[in-house]
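Fold and geometry: a report
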Amino acid sequence: MNEQQRDELRAKAGDFKMYSLVLFSLGAFFYFGTMIPGALEAAKKPFALLAVAGCLAAALYCSRRAARYVCQLEEENPFEP
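Just so it is clear, the structure is predicted and the values come from calculations on it, not from any experiment. The residue numbers shown here count from 1 along each chain, following its written sequence. Since the coordinates come from a predicted model, pLDDT governs what is reported: local features require at least 70, and pairs of side-chain atoms require 80 or more to be given and counted, while whole-chain, interface and lining totals use all residues. Side-chain figures throughout are based on the complete set of non-hydrogen atoms in the structure, without hydrogens or water.

Things to note about the pattern of salt bridges
Here is the rule we go by: Basic side-chain nitrogens of Lys or Arg form a salt bridge, by our definition, when they fall within 4 Å of a carboxyl oxygen of Asp or Glu. Helix numbers and strand numbers start at the N terminus; a helix is a DSSP run of H or I with at least 4 residues, a strand a run of E with at least 2. Exposure is judged per residue with a 1.4 Å probe applied to protein chains only, and the accessible area is read against the type maximum: over 50% gives exposed, under 20% gives buried, and values in between give partly exposed.
The tally for this structure, following the rule as stated, stands at three salt bridges. Between E3 and R6 there is a salt bridge, and its shortest N-O distance comes to 2.8 Å. Placement of both E3 and R6 in helix α1 (residues 3-35) is noted, with a separation of three residues, approximately one turn of the helix. For E3, a relative accessible area of 41% puts it in the partly exposed group. The network of salt bridges with common partners includes E3, R6, D7 and R10.

So, in structure tokens, the structure goes:
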């Protein structure tokens, strides 16, 4: 693996970490919005909770993807800091 490919993997890992952080915080804000009394009608609450679950699932996917890229980097050059 050459240096350009390693730089791409580092960039992808950083991007996916940032995506997971943003999606996790978005899901947390959606969840807090469902707890506010009177903010949502009872009929709309399940849809909001599905949005929360979707955000958290996407955050988990992005986090695992970032970890996969980091593992690929470590396998290629385990002694690089």
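Digging into the packing of aromatic side chains
We count it as follows: Only rings of Phe, Tyr and Trp enter the pairing, Trp through its six-membered ring, and a pair is recorded when the two centres are within 6.5 Å. The plane angle decides the type: under 30 degrees is stacked, over 60 is edge-to-face, the rest tilted.
Following the criterion strictly, the structure yields three aromatic pairs and no others. Where F16 meets Y19, the ring centres are 5.6 Å apart and the plane angle is 85 degrees; that geometry is what we call edge-to-face. Of the two residues, F16 and Y19 are both situated in helix α1; the distance of three residues between them amounts to about one turn of the helix. By relative accessible area, F16 is classed as buried at 16%. For the ring pair F16 and Y69, a centre distance of 5.9 Å and an interplane angle of 40 degrees mean the geometry is tilted. A residue pair is termed long-range when its members are at least 10 positions apart, and F16 in helix α1 and Y69 in helix α2 (residues 45-76) qualify at 53 residues. The class of Y69 is buried, set by a relative accessible area of 10%. Within the aromatic cluster, the residues linked to one another by ring pairs are F16, Y19 and Y69.

Description of the nonpolar core
Nonpolar side chains in soluble globular proteins tend to end up buried together. Threshold: We call a set of buried Ala, Val, Leu, Ile, Met, Phe, Trp, Tyr and Cys residues a nonpolar core when their side-chain atoms join them within 4.5 Å. Contact criterion: two residues are considered in contact whenever any of their non-hydrogen atoms come within 4.5 Å of each other.
Core analysis: the biggest nonpolar cluster contains seven residues, these being L9, A13, F16, C62, A66, Y69 and L73. Every element with two or more residues in this core is listed here: α1 and α2. The contacts of A13, once residues within four sequence positions are left out, are A66, Y69 and V70.

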